[in-house]
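Below, each chain spelled out in residue letters.
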Amino acid sequence: MKSKFFVTTPIYYVNDAPHIGHAYTTILADVLARFHRVAGDEVFFLTGLDEHGQKVKQAAEKRNMSAQAHCDDLAPRFLNLWQKLDIRYDDFVRTTQERHKRIVQMVLQKVYEAGDIYVDEYEGWYSVAEERFITETEYATGQFRDVKKIQEKNYFFKMSKYQKKLVEYIETNPGFIQPEHRKNEMLGFLRQPLGDLCISRPKARMDWGIEIPFDRDYVTYVWFDALVNYISIPGYGSDDVKFKKWWPADVHLIGKDILTTHCVYWTTMLFALDLPLPKTIFAHGWWLIGQTKMSKSLGNVVNPLDLIEQHGTDAVRYYLMREMVLGMDANFTQDSFNKCYNSDLANDFGNLLNRVSGLITKNHEGKIPDPGVLTPAEEEIKAQANALQGKVTALINAFQVQEAVSLIIEFVRVLNKYMELQAPWKLAKTDMKAAERVLYTAAESLRIVSVMLSPVMPEKTKTVLDVLGSLGTTASWGQIPVGTILKSHPALFPRIEVEKK
RNA sequence: CGCGGGGUGGAGCAGCCCGGUAGCUCACUAGGCUCAUAACCUAGGGGUCGCAGGUUCAAAUCCUGCCCCCGCAACCA
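## Looking at the layout of surface pockets
Volume-wise, the second largest pocket comes out at about 390 Å³. Considering the residues around the second largest pocket, the lining is formed by 15 residues, among which Arg-34, Val-38, Ser-454, Leu-471 and Gly-472 are closest to the centre. Broken down by element, the lining of the second largest pocket gets its largest block of residues, 5 residues, from helix H19 (residues 458-467). Partitioning the lining of the second largest pocket into residue classes produces 5 nonpolar, 5 polar and 5 charged.

## Details of the sheet that holds strand S12 (residues 251-255)
Spatially, the 6 strands line up as an open sheet ordered S3-S2-S1-S12-S13-S7, and their pairing is parallel. Taken across any chain shown, the strands that pair with only one partner, and hence form the sheet edges, are strand S3 (91-94) and strand S7 (177-178). In this structure, S12 lies alongside strand S13 (residues 281-284), joined through 4 bridges in parallel fashion. Paired with Ile-254 across the strands is Ala-283, a residue of S13.

## Focus: helix H3 (residues 67-84)
Given a rise of 1.5 Å per residue, 18 residues ought to cover 26 Å, and the 26 Å separating the end C-alpha atoms of H3 matches this to within 8%. Considered for burial, the residues of H3 that qualify are Ala-67, His-70, Cys-71, Leu-74, Ala-75, Phe-78, Leu-81 and Trp-82. Take H3 and look down its axis: the buried residues cluster within an arc of 130 degrees, on one side only.

## Looking at the packing of helix H15 (residues 376-397) against helix H18 (residues 432-453)
Two elements in contact, H15 and H18, have axes separated by 10 Å at closest approach and are oriented at 5 degrees. It follows from the interaxial angle that H15 and H18 lie roughly parallel. Between H15 and H18, the residues in contact are Glu-378, Ile-381, Ala-385, Leu-388, Gln-389 and Val-392 and Arg-437, Val-438, Thr-441, Ser-445, Ile-448 and Met-452, respectively.

## With respect to the sheet that holds strand S9 (residues 200-202)
With antiparallel pairing, 3 strands are arranged side by side in an open sheet as S9-S11-S10. Looking at the sheet topology across the chains shown, the edges are occupied by S9 and strand S10 (211-212). Strand direction decides the pairing type here: S10 and strand S11 (residues 215-220), joined by 2 bridges, are antiparallel. Bridging from a neighbouring strand, Ile-212 pairs with Asp-215 of S11.

Conventions adopted
Residue positions are given per chain, counting from 1 as you read along its sequence in written order. Each chain gets a letter, beginning with A, and each ligand a number, beginning with 1, in the order they are written. Per-residue local features are limited, in this predicted model, to residues with pLDDT of at least 70; the limit for side-chain atom pairs, both in listing and counting, is 80 or more; totals at the level of whole chains, interfaces and linings are taken over all residues. Hydrogens and water are ignored here; the side-chain numbers use all heavy atoms of the structure. Put simply, the grid is 1 Å and covers the protein atoms alone, a cavity is a trapped set of points that fit a 1.4 Å probe, a pocket is an open set with protein on both sides within 12 Å along at least five of seven lines, and lining residues have an atom within 4 Å of a point. Grid points are joined across faces, edges and corners, and a volume is the space filled by probe spheres set on the points. A run of H or I in DSSP becomes a helix once it reaches four residues, and a run of E becomes a strand once it reaches two; helices and strands are each numbered from the N terminus. Classes in brief: Ala, Val, Leu, Ile, Met, Phe, Trp, Tyr, Cys and Pro nonpolar; Asp, Glu, Lys and Arg charged; the others, Gly included, polar. At least two DSSP bridges between two strands are required for those strands to pair. A helix's residues, less one, multiplied by 1.5 Å, set its expected span. Exposure categories follow from relative accessible area, calculated using a 1.4 Å probe and restricted to protein chains: below 20% of the type maximum is buried, above 50% is exposed, and the middle band is partly exposed. Within this analysis, the arc is defined by the directions that extend from the helix axis to the C-beta atoms. Interaxial angle, 0 to 180 degrees, is taken between N-to-C directions of lines fitted to C-alpha atoms, where a helix line uses only the stretch in contact. Orientation is classified from the angle alone, with under 35 degrees giving roughly parallel, over 145 giving roughly antiparallel, 65 to 115 giving roughly perpendicular, and any other angle giving oblique. Residue contacts are defined here by distance: any two heavy atoms, one from each residue, within 4.5 Å place the two residues in contact.

Structure representation (structure tokens):
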């Protein structure tokens with residue numbers, strides 16, 4: 001069934017260059033978006049940058065630049081990476097854009113007028129070194145120098161007012177927060193009384209943000225600004241038709257580190273605006289190296305660009321999708337990358353193409369042969385091929401990307417086995433019709449596999465489809481053009497030679 | 001008792017909700033094939049399912065306790 005699919009990534013904070021965490025979420029969103037496009041859905045894929053706030057300001061000062069210049073300098077790094085990773089987003093927001101700022105101010109005004117924003121004195125521990133308030137927990141660690149208790153006039157959003165409603169919503173909408181253990185985590189969090197959210201920063205202390213329309217001495221808190229992108233870009237307050245078409249989002253993809261901001265801040269903001277909540281908030285895990293989180297301070301950050309240079313974008317996309325069970329943490333190692341690449345891509349997928357195209361070139365004048373009448377062996381392959389899209393779509397809709405990819409590559413293994421059993425290289429000497437039937441079946445299956453893998457590996461599957469003289473739009477049996485002359489091609493995924501220990 | 005997740009052959013995971021020969025990929029061993037990227041196919045070795053109890057004819061799977069690892073504990077993107 002055709003429908004709309006609106007997927008978002010978080011907008012990334014521009015205090016530093018992009019890393020694998022950013023790349024992972026964005027590739028995941030892109031893969032989901034492409035799967036939905038293949039299924040015929042109308043897709044809106046939104047990503048972008050979060051450019052305001054304390055840390056951006058500090059990063060800019062460190063580089064002796066204005067905050068805006070700093071953002072303008074970093075934005076292309078993200079855009080370039082997305083281009084290299086074949087990210088096909090439909091819109092890219094920067095929170096410093098007028099189209100966004102206007103809507104944030106409108107939202108603030110609206111919530112203020114509705115009585116959900118009030119003035120109060122904020123009292124808390126302030127770290128002079130960090131130039132920010134720290135939490136009680138942080139204070140308790142004793143790791144912050146120059147800490148003093150200060151009071152400050154600020155604006156607060158009545159988050160507490162919506163606590164009960166939120167808990168009820170989460171409980172009556174089991175698919176809202178996924179995976180389930182994150183939902184439980186949020187419900188646990190919400191068992192304690194929820195406070196209100198301080199959503200202002202006095203300009204005297206921090207001026208890099210969106211000005212609060214009803215008090216020009218303040219800018220708004222960066223999260224109150226950033227989260228609004230999910231509605232400001234699809235047209236809230238500016239294009240009712242567009243907004244009605246896309247909102248609510250089908251899924252906000254996030255890292256597990258920003259679960260609370262999305263499940264509590266954002267949802268209560270939407271309640272205050274009287275807007276429907278996104279259908280799903282999905283928190284994925286982290287990429288770990290060995291057993292530790294990838295972090296700059298540990299110097300173990302895998303630069304996605306290096307991987308792409310060495311093995312190509314598609315291989316990296318495939319590895320990231322294949323290796324992480326959505327919602328869990330996963331380990332990144334060069335070793336596991338090599339294994340995944342060699343076994344799935346080189347040995348199974350790439351090699352199958354070589355076998356099929358090589359045999360057709362050698363024994364059948366390089367033309368896709370006519371299948372003739374299928375025997376039970378081919379009917380079995382055909383049935384599996386035809387069933388693939390339905391199964392994959394169901395898994396994708398359940399956010400089981402890893403399982404979906406596994407299912408497709410399992411079918412590739414079935415095809416290699418089929419080749420082995422039928423041995424068309426032998427049949428060519430004894431029964432040419434049978435050889436043709438087998439190779440047609442293998443080629444057509446390979447075409448369907450390529451269509452199904454195209455969301456994960458847009459470039460390489462395009463190559464395969466091109467070799468087979470096909471367009472790659474349908475995943476149902478019988479589309480490959482008989483008689484087409486195969487194009488020659490280099491090895492799809494050259495093996496990574498690993499030195500034996 | 002703050003809340004939650006995890007502990008399954010050498011490695012990485014599935015199975016646990018709905019008890020009943022412990023499955024997959026990689027690695028390893030032997031054989032086959034030789035169309036192919038030293039690839040592919042077949043067979044095989046290897047597991048006290050964290051520990052200890054309990055329920056049951058039967059537990060990785062349900063219950064209890066304990067140990068270990070990880071996450072959350074808000075206004076920090």
